[in-house]
Structures are given as structure tokens and as C-alpha cells.
Amino acid sequence: DAGVTQSPTHLIKTRGQHVTLRCSPISGHKSVSWYQQVLGQGPQFIFQYYEKEERGRGNFPDRFSARQFPNYSSELNVNALLLGDSALYLCASSLPGQSVLANEKLFFGSGTQLSVL
Amino acid sequence: GESVGLHLPTLSVQEGDNSIINCAYSNSASDYFIWYKQESGKGPQFIIDIRSNMDKRQGQRVTVLLNKTVKHLSLQIAATQPGDSAVYFCAENQEYGNKLVFGAGTILRVKS
């Protein structure tokens, strides 16, 4: 079975540009979360989507947005890129649970390494 | 804000020895904890989890211990192997859903 897949694997952008990162969850998973991991730190929560609706948002500016499609894949968009946005962007999906409020195991993809020059 | 932290940034162990990675958390309301392993160029890989109504949980060669009194979490790896070399993160779920708060990570180096 395929795990969480993300594209592209690497991306180089310049300041002020816009970027779209894509994620396909594990088949059957309905919840997708996005995390940002700066070098040398643990991942930081950005968004959670469940059944195509935003269910949680971390402390990130409005330049960050996301959406989930009917097939449960997801996109993360970042506008007006800053040098500080350089990071590994991780997508994670979770097992279908009885409630979005339940704690569930997260399965991560390998991430998209974004470099902003 | 509240956060999860690790005591030791780097741990070096001899192959075959047991490893213990420690983690302190500050949010007493957290009720779900997870350990992840991250190898270079890869995303975090789930190792083991534990809920706050448990003190100990065992997996294959791994054991997680939770001490709610002192808000401490540990990961024990038995018979550490070279393939265990990675960065290990503890994470806590402070709210509903999947908003995990990760610690900074501990580097585990296994010497052959």
C-alpha cells in the first residue's frame, strides 16, 4: 500500500513568489494535516483538514492557506514567500476515526523541501 | 506557550546496548503522547503511542513510560541497532484532533 505521497520533493523559489504543495493521503484516510519543519527543530502544526473542512489552524499568517479535495488529497499554498518560509513541509494523514476529536496516529509523508532565495 | 522539550540533544550508544530517550512536557492537560523517529531525508515515522490513562506501553523492542506526576515521558529501545540511528521526537496532543506539539528532538547515534 502506498503511504502518504507529497510533491514536489524539492522546490526553489524567490522571495515574493507563491508556492503550491500537494499531498495524497493513505487510501481510506480522510484527515490531512500540514506541518512545517525548520532545520534542527521539530515539526510545527499548520493546518488540519477533515472531510474537506478546516478543523484546526496553527499560529501561521494568512499567507498560508490550504484546501482538501473530494478525493481527500490536499494542497498547501503559501503567498508572498519570505526567506523564513524555507523549511521541510510535511503532510500527514490519519486513520478514519469515529470522530475528528479523537486522538489518532499520524502517518507522515517524506515532505517537500522548500528553499526561498 | 507550553511546549514539549527533551533533556538530551544527542545520545551515543554502543550497538546492542539499551537506549533511553527522555522528554519533559509542560501541559498537564495533554492526554495523548507519541514517539516518532525521523531519518535523514524522510518524514517522521510513528514508533509508539500512549494515552494518559496508561503508565507503560510496549512494542517491538520499544517501551514508552509515562510519569504524569512529574510530566515525563521516556522511550526505551532494547538492543539498539545501527538502523536505530535517527532523530527521535516526542509529541503531545494538547487539543482535539491531530494538532501535535513536537519537542526539539534527540539525535541517537549507534556505534558499531
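Residues numbered from 1 in each chain as written. Chains lettered and ligands numbered in written order. Predicted model: local features only at pLDDT ≥ 70, side-chain atom pairs only at ≥ 80, totals over all residues. Heavy atoms only, no water.

**Re the interface of chain B and chain A**
Turning to step 1, where the next piece is worked out: If you look at the interface, chain B gives 22 residues, while chain A gives 25 residues.
Turning to step 2, where the next piece is worked out: There are zero salt bridges connecting chain B and chain A.
Turning to step 3, where the next piece is worked out: At the boundary of chain B and chain A, one finds three residue pairs in polar contact (both at pLDDT 80 or more).
Turning to step 4, where the next piece is worked out: Secondary-structure elements contributing two or more residues to the side of chain B that touches chain A are strand S4 (32-38), strand S5 (45-51), strand S9 (86-93) and strand S10 (100-102) of chain B.
Turning to step 5, where the next piece is worked out: Residues of the side of chain B that touches chain A, tallied by class, amount to nine nonpolar, seven polar and six charged. (Contact = heavy atoms within 4.5 Å. Salt bridge = Lys/Arg side-chain N within 4 Å of Asp/Glu carboxyl O. Polar contact = N/O pair within 3.5 Å; in protein donor to acceptor, adjacent residues only side chain to side chain. Helix = DSSP H or I, 4+ residues; strand = E, 2+ residues; numbered from the N terminus. Nonpolar A, V, L, I, M, F, W, Y, C, P; charged D, E, K, R; others polar.)

**Topic: unusual backbone geometry**
All names here are of chain A.
Turning to step 1, where the next piece is worked out: Here Ser 7 and Pro 8 are connected by a cis peptide whose omega angle stands at -10°.
Turning to step 2, where the next piece is worked out: Along the chain, Pro 8 falls in the loop between strand S1 (5-7) and strand S2 (10-13).
Turning to step 3, where the next piece is worked out: We note that Lys 52 has phi near 75°; this positive angle belongs to a residue other than glycine.
Turning to step 4, where the next piece is worked out: Take Lys 52: it is sitting in the loop between strand S5 (44-50) and strand S6 (53-57).

**Some details on the sheet that holds S1(A)**
Residue and element names in this part refer to chain A.
Turning to step 1, where the next piece is worked out: Pairing in this open sheet of four strands is antiparallel, and the strands run S1-S3-S8-S7 from one edge to the other. Sheet topology places S1 and strand S7 (64-68) at the edges, where each strand pairs with a single neighbour. Taking the axes of each pair of neighbouring strands and ignoring which way they run, one obtains an average angle of 15° across the sheet. (Pairing = 2+ DSSP bridges. Axes fitted to C-alpha atoms, helices over the stretch in contact; angles between N-to-C directions.)

**Observations concerning the side chain of Thr20(A)**
Residue and element names in this part refer to chain A.
Turning to step 1, where the next piece is worked out: Following the sequence through the fold, Thr 20 ends up in strand S3 (residues 19-24).
Turning to step 2, where the next piece is worked out: Polar side-chain contacts of Thr 20 include one of 2.7 Å to the side chain of Asn 77.
Turning to step 3, where the next piece is worked out: Non-local contacts of Thr 20, meaning those with residues more than four positions away in its chain, are made with Pro 8, Glu 75, Leu 76 and Asn 77.

**Details of the state of the cysteines**
Residue and element names in this part refer to chain A.
Turning to step 1, where the next piece is worked out: For the structure shown, the criterion picks out two disulfides over all chains.
Turning to step 2, where the next piece is worked out: Each sulfur in the disulfide pair Cys 23 and Cys 91 lies 1.8 Å from the other. With the S-S dihedral at roughly -65°, the linkage between Cys 23 and Cys 91 falls on the left-handed side. Residue Cys 23 is located in strand S3, and its partner Cys 91 is located in strand S9 (residues 87-94); the two are separated by 68 residues in the primary sequence. For the residue pair Cys 23 and Cys 91, the accessibility class agrees, reading buried in each case. (Disulfide = S-S within 2.5 Å. Buried < 20%, exposed > 50% of the residue type's maximum accessible area, 1.4 Å probe, protein only.)

**A short note on the pairing of S4(B)**
Residues and elements named next belong to chain B.
Turning to step 1, where the next piece is worked out: The buried fraction of S4 amounts to seven of the seven residues, a majority that puts the element mostly inside the structure.
Turning to step 2, where the next piece is worked out: Because side chains alternate across S4, one face comprises the buried residues Tyr 32, Ile 34, Tyr 36 and Gln 38, and the other comprises Phe 33, Trp 35 and Lys 37, equally buried.
Turning to step 3, where the next piece is worked out: Examined bridge by bridge, S4 and S5 share six bridges and lie antiparallel to one another. Note that in S5 the partner of Lys 37 across the bridge is Gln 45.
Turning to step 4, where the next piece is worked out: Where S4 hands over to S5, the hairpin turn is made up of six residues, of which Gly 41 adopts a positive phi near 80°.

Purely spatial values, then, with no claim about function.
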